[in-house]
Amino acid sequence: MKSTSLNHFTFLILSKPDVLFLKGVHFSSVFVLKGQDICLDVQENVQLKELEVFKWSFGSANILRCTDTLSVRVSPGYNNRVEFYKGNFSLLLKNIQEGDSGPYTAVVSGDKENTIIVHQLVLQVEPPVLTLDSNSTINGNCNVTVTCRGQKTSVTSSCNSSTCSQVGGESRGAETSTVPLLSVYVAGGSIICNHSNQVSWANDTKEIVELCPMKSVSPPAGSMSMCMLKIILVSVGLVIMISAVITVHIRHRFHYG
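Residues numbered from 1 in each chain as written. Predicted model: local features only at pLDDT ≥ 70, side-chain atom pairs only at ≥ 80, totals over all residues. Heavy atoms only, no water.

For side chains bearing opposite charge, pairing can occur when the charged atoms are close. Considering all chains together, one arrives at 3 salt bridges under this definition. The residue E98 makes a salt bridge to K34 at a minimum N-O spacing of 3.6 Å. Of this pair, E98 sits in the loop between β10 (90–93) and β11 (102–109) while K34 sits in the loop between β4 (25–33) and β5 (38–40), and the two are 64 residues apart along the sequence. (Salt bridge = Lys/Arg side-chain N within 4 Å of Asp/Glu carboxyl O. Helix = DSSP H or I, 4+ residues; strand = E, 2+ residues; numbered from the N terminus.)

The structure is reproduced here in structure tokens:
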């Protein structure tokens, strides 16, 4: 898909539309991110004859009607939400929200009704989220169980510093835990939850050391730390120096006393 600007609006159009032609009607799937604008076109040159009416509808609800004199009437529910271009009969939908998913139909009606195209709008909304389920450190090796969620689906994986494997699935290397649109893998000391769709990709990344911090190891009972050894050596040295000074002083006084 690519971004195009028209009349100060930014919207998406399909550079290579996924369009099927069945029984004289074009069908297309359109994928869009929440909050974006998108332009739906008719894929052909529409010429209205006398008394014919062109209309866009969403499901069973009319969005707008355009007469053969190019007089346009927008349904109240779509005021300020759409823009219609009389030159090519395309429809601009603004600020797509979850309730906007569904079929958009372009129809010319006169002596008979002719459906020109149906766009099935599919909204892509959820960014991925990576959450920690459990962690453990064995012999200095970090092991975590994480869940990657996105687009109303999820996958749970068991990961270490080099690989991930889907819980209940088969390990297949660095990128191992996959369901449609989701993947979990290890790269650069981090666990990555990646979500991709037809219009974008995004990920949630967490460093392994943050998910499974290394615990400090206490020295065995009876052992001496390096710091304590240094303190003892310095103390012994000071005692020896002070003893030597006192000894010299006593000898000096005794010799000249």
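Next comes the rest of the account.
Okay, the side chain of S190 next. Checked against the element boundaries, S190 lands in strand β19 (residues 190–196). A relative accessible area of 10% places S190 in the buried class. Apart from the residues lying within four places of it in its own chain, the contact partners of S190 are Y185, T205, K206, E207 and I208. (Buried < 20%, exposed > 50% of the residue type's maximum accessible area, 1.4 Å probe, protein only. Contact = heavy atoms within 4.5 Å.)

Turning our eyes to something else, we now look at the state of the cysteines. Considering all chains together, one arrives at 2 disulfides under this definition. The disulfide partner of C148 is C193, and the S-S distance across this bridge is 1.9 Å. On the S-S bond that ties C148 to C193, the torsion sits near 65°, and the link is right-handed. Placement of the pair is C148 in strand β14 (residues 141–150) and C193 in strand β19, with a sequence separation of 45 residues. Considered together, C148 and C193 belong to a single accessibility category, that of buried residues. The disulfide partner of C159 is C164, and the S-S distance across this bridge is 2.1 Å. With the S-S dihedral at roughly 110°, the linkage between C159 and C164 falls on the right-handed side. Considered together, C159 and C164 belong to a single accessibility category, that of buried residues. The cystine pairing of the protein chain, numbering bonded cysteines in sequence order, is 1-4, 2-3. (Disulfide = S-S within 2.5 Å.)

Further remarks concern the packing of aromatic side chains. What describes a pair of aromatic rings is the distance from one ring centre to the other and the angle between the planes of the rings. A complete count under the given rule lists 5 aromatic pairs for this structure. Where F58 meets Y104, the ring centres are 4.6 Å apart and the plane angle is 25°; that geometry is what we call stacked. Of the two residues, F58 is situated in strand β6 (residues 53–58) and Y104 in strand β11; the sequence distance between them amounts to 46 residues. Across the pair, Y104 and F58 agree in class, each one buried. (Phe/Tyr/Trp six-rings, centres within 6.5 Å; stacked < 30°, edge-to-face > 60°.)

Take unusual backbone geometry next. Look at Q43: it is not a glycine, yet its phi comes out positive at around 65°. By the secondary structure assignment, Q43 is in the loop between β5 and β6. Positive phi values are uncommon outside glycine, yet L70 reaches one of about 65°. Structurally, the position occupied by L70 is in the loop between β7 (61–67) and β8 (72–74).

Here we take up the environment of K34. Look at K34 and you get partly exposed, because its relative accessible area is 42%. Residues K34 and Q97 lie 63 residues apart in sequence; the distance between their C-alpha atoms is 5.5 Å.

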